[in-house]
Amino acid sequence: MTTQDGTTGTLDEALERLHRTGPEFQGYLSNHGPMVVEALVRGGQADRVHRWLDGYRRRLGETPARSREVTPDNWREALGDPRRSTDWTDHFRREIAARPWREVLAEWWPRLLPGIAAGATHPVIRTGHAVHTLLGGPQTAPRTGELAHALGYWAARFQPLPLLAVLPAGGLDAVPAVPRQEGGISGRLAQLTALPAAPDADGPEKARQRLTGLVTAAVHRYRTHGHGEPVMLVHAATAPNAVLRTLPALPRELWPVSLAAAWSAAAAVTAAYTPPEARPPAEATRGAADPGEPSAPAADPGELLAPAADPGELLARAADPGELLARAAAHGDDHAIKFADTALAVGDPAATGAALHALRLIEPAG
């Protein structure tokens, strides 16, 4: 492939490799590959992408078989049918080839938002990464194709939350936990009966500000609640961050409803996986490796940050975006990488501490 620069080539090549795989594997696990490679390339870690993908690709399955073409006349009957994921991807490929991708997104975003929690929020997160790529770089075929894959996955997995009572507005700490904190996310979300009202937003700009605050609160909260379910609670932050990153590509009149949907996703994940009590990070990871120790075996001396003399020094050094994301990449877990990417978007010391905390709580990729 001939490209303008190595970064463009790396991302496009990785997406092309991933587009030969399905959106899920092992029956229900989401394919995080496109989200991770986008985060790594944008975060200055392009040289790590193919090595990471070589290992991850072995877990993935092939593209599911086609069934029946999705059309403007029959799309409603195909909505929410995971067996139709390739049919849906084909539909969005045709749509994006026929008109500007922003126009397609603006049409389908409000249709899909009610199902934002579907697939454990992975479809909307994948969509957010795809849009972020298109907003920040060239409109290559692999990148517009990734938006088609992301929207297709979302449409295939579409499933609204149950009808819920509305509690007084409050932060994530006001979200009531579901009674049975066990099993998969579908069974947990089925227990939901009520959630606090979404934050007020008087107009698009206020909606953007509130959404930024929600992402920040979810990242910060992970430091004291991530021990409840280290992997799944990541999505309380990464899902609304995906929506936040999509806003610039949407008509401004869609921003308030996007905030409401992002809140429902973050609150639903919080309800499904929140622990019974908060714990200081040191207590939550007692017995884990010292925060200055490498999180995973290094392939070479530059693979990880050198051990810091104390946690404060590590925190200061990891505040550099390249170093924190390099540490997450060496750790290797897809959720840890995406959470580090979101924490870097928040950009304060508490968010950096939350990302380092996640690297200790989440098991490194083997």
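Predicted model, so just to flag it, every value in this text is computed and none were measured. (Residues numbered from 1 in each chain as written. Predicted model: local features only at pLDDT ≥ 70, side-chain atom pairs only at ≥ 80, totals over all residues. Heavy atoms only, no water.)

Here the focus is the environment of Pro248. With respect to the helices and strands, Pro248 occurs in the loop between helix H11 (235-246) and helix H12 (255-273). Note: C-alpha distance between Pro248 and Leu135 (113 residues apart in sequence) is 8.2 Å. Discounting residues that sit within four places of it in the chain, Pro248 has contacts with Arg102, Leu135 and Trp255. (Helix = DSSP H or I, 4+ residues; strand = E, 2+ residues; numbered from the N terminus. Contact = heavy atoms within 4.5 Å.)

Now for the packing of aromatic side chains. Tallied over the entire structure, the rule returns eight aromatic pairs. Seen in terms of ring centroids, Phe92 and Trp108 are 5.1 Å apart; in terms of plane orientation they differ by 80°. Their pairing is edge-to-face. Taken as a pair, Phe92 in helix H5 (residues 85-98) and Trp108 in helix H6 (residues 101-112) lie far apart in primary sequence, 16 residues in all. Neither Phe92 nor Trp108 differs from the other in exposure class; each is buried. Following the ring pairs from residue to residue traces out a cluster consisting of Trp75, Trp88, Phe92 and Trp108. Cation over ring: Arg111 sits above Trp108, and NZ or CZ is 4.5 Å from the ring centre. (Phe/Tyr/Trp six-rings, centres within 6.5 Å; stacked < 30°, edge-to-face > 60°. Buried < 20%, exposed > 50% of the residue type's maximum accessible area, 1.4 Å probe, protein only. Lys NZ or Arg CZ within 6 Å of the ring centre and 35° of its normal.)

Bringing the packing of H6 against helix H8 (residues 141-157) into the picture now. In the contact formed by H6 and H8, the axes pass within 11 Å of each other and the chain directions differ by 15°. With respect to their mutual orientation, H6 and H8 come out roughly parallel. As H6 packs across H8, the resulting crossing turns out to be left-handed. Across the interface between the two elements, Trp101, Leu105, Trp109 and Leu112 of H6 pack against Leu147, Leu151, Trp154 and Ala155 of H8. Split into classes, the residues belonging to the contact of H6 with H8 amount to eight nonpolar, no polar and no charged. (Axes fitted to C-alpha atoms, helices over the stretch in contact; angles between N-to-C directions. Parallel < 35°, antiparallel > 145°, perpendicular 65-115°, else oblique. Left-handed = near helix turned anticlockwise from the far one by under 90°. Nonpolar A, V, L, I, M, F, W, Y, C, P; charged D, E, K, R; others polar.)

What follows concerns the packing of helix H7 (residues 122-136) against helix H16 (residues 334-346). One way to put it is that H7 packs onto H16 with a least axis distance of 13 Å and a crossing angle of 55°. In terms of orientation, H7 and H16 fall into the oblique class. For the pair H7 and H16, the crossing hand works out as left-handed. Residue-level contacts link His122, Ile125 and His129 of H7 to His335, Lys338 and Asp341 of H16. Tallied by class, residues from the contact of H7 with H16 come to one nonpolar, three polar and two charged.

Of the residues in the chain, 87% have a pLDDT of 70 or more, and the chain-wide mean is 88. Overall, residues 1-5 carries pLDDT values under 50, and its contacts beyond four positions in sequence, including any with other chains, amount to six contacts. Here residues 286-311 scores under 50 on pLDDT; set against residues more than four positions off or in separate chains, the count is 41 contacts. (pLDDT = per-residue confidence, 0-100.)

Attention shifts here to unusual backbone geometry. Its identity as a non-glycine residue notwithstanding, Gln26 has a phi of 55°, on the positive side. By the secondary structure assignment, Gln26 is in the loop between strand S1 (24-25) and strand S2 (29-30). Backbone geometry at Thr121 places phi at a positive 75°, although glycine is not the residue there. Here Thr121 shows up in the loop between H6 and H7.

Between its first and last C-alpha, H16 extends 19 Å over 13 residues, near the 18 Å set by a 1.5 Å rise per residue. Judged by how many residues are buried, H16 sits mostly within the fold: ten of 13 residues are covered. Taken together, the buried positions of H16 are occupied by Asp334, His335, Ala336, Ile337, Lys338, Phe339, Ala340, Asp341, Thr342 and Ala343. By the N-cap criterion, in which a side-chain oxygen at the helix start approaches the backbone nitrogen of a residue two or three places on, H16 is capped by Asp333, the distance to His335 being 2.9 Å. Of the residues trailing H16, Gly347 is marked for its positive phi of about 80°. (Expected span 1.5 Å × (residues − 1). Polar contact = N/O pair within 3.5 Å; in protein donor to acceptor, adjacent residues only side chain to side chain.)

Time to look at the nonpolar core. Membership of the largest hydrophobic core comes to 102 residues, with the highest contact counts inside it found for Trp88 and Trp109. No other element matches H12, which puts 13 residues into this core. Setting aside anything within four residues of it in sequence, one finds Trp109 in contact with Val124, Thr127, Trp154, Val243, Thr246, Leu250, Leu254 and Ser258. (Core = buried A, V, L, I, M, F, W, Y, C linked by side-chain atoms within 4.5 Å.)

In this section: the environment of His50. Structurally, His50 is set in helix H3 (residues 49-57). For the pair His50 and Thr10, spaced 40 residues apart in sequence, the C-alpha separation works out to 7.8 Å. The residues touching His50, leaving out its near neighbours within four places in the chain, are Thr10, Glu13, Ala14 and Arg17. Engagement of the side chain of His50 in a polar contact is seen with the side chain of Glu13, the distance being 3.4 Å.

Another aspect to go through is the side chain of Arg126. Relative to the assigned elements, Arg126 resides in helix H7. What makes Arg126 buried here is its relative accessible area of 3%. Once residues lying within four places of it in the same chain are set aside, the contact partners of Arg126 are His19, Pro23, Asn31, Pro34, Met35, Glu146, His149 and Ala150.

We now examine H3. All of the buried residues in H3 are Val49, Trp52, Leu53 and Tyr56. One face of H3 carries all of its buried residues, which in axial projection span an arc of 95°. (Arc of directions from axis to C-beta.)

Before going further, it helps to spend a moment on the pattern of salt bridges. One pass over the full model with this rule turns up 20 salt bridges. A salt bridge links Asp81 to Arg83; the shortest N-O distance between them is 3.0 Å. Asp173 is the partner of Arg221 in a salt bridge, and the nearest nitrogen-oxygen pair spans 2.7 Å. Here Arg221 is found in helix H10 (residues 204-225), whereas its partner Asp173 is found in the loop between strand S3 (165-167) and helix H9 (185-189), with 48 residues between them in sequence. What you see here is one network of salt bridges that share partners, running through Glu95, Arg99, Glu103, Glu107 and Arg111. (Salt bridge = Lys/Arg side-chain N within 4 Å of Asp/Glu carboxyl O.)

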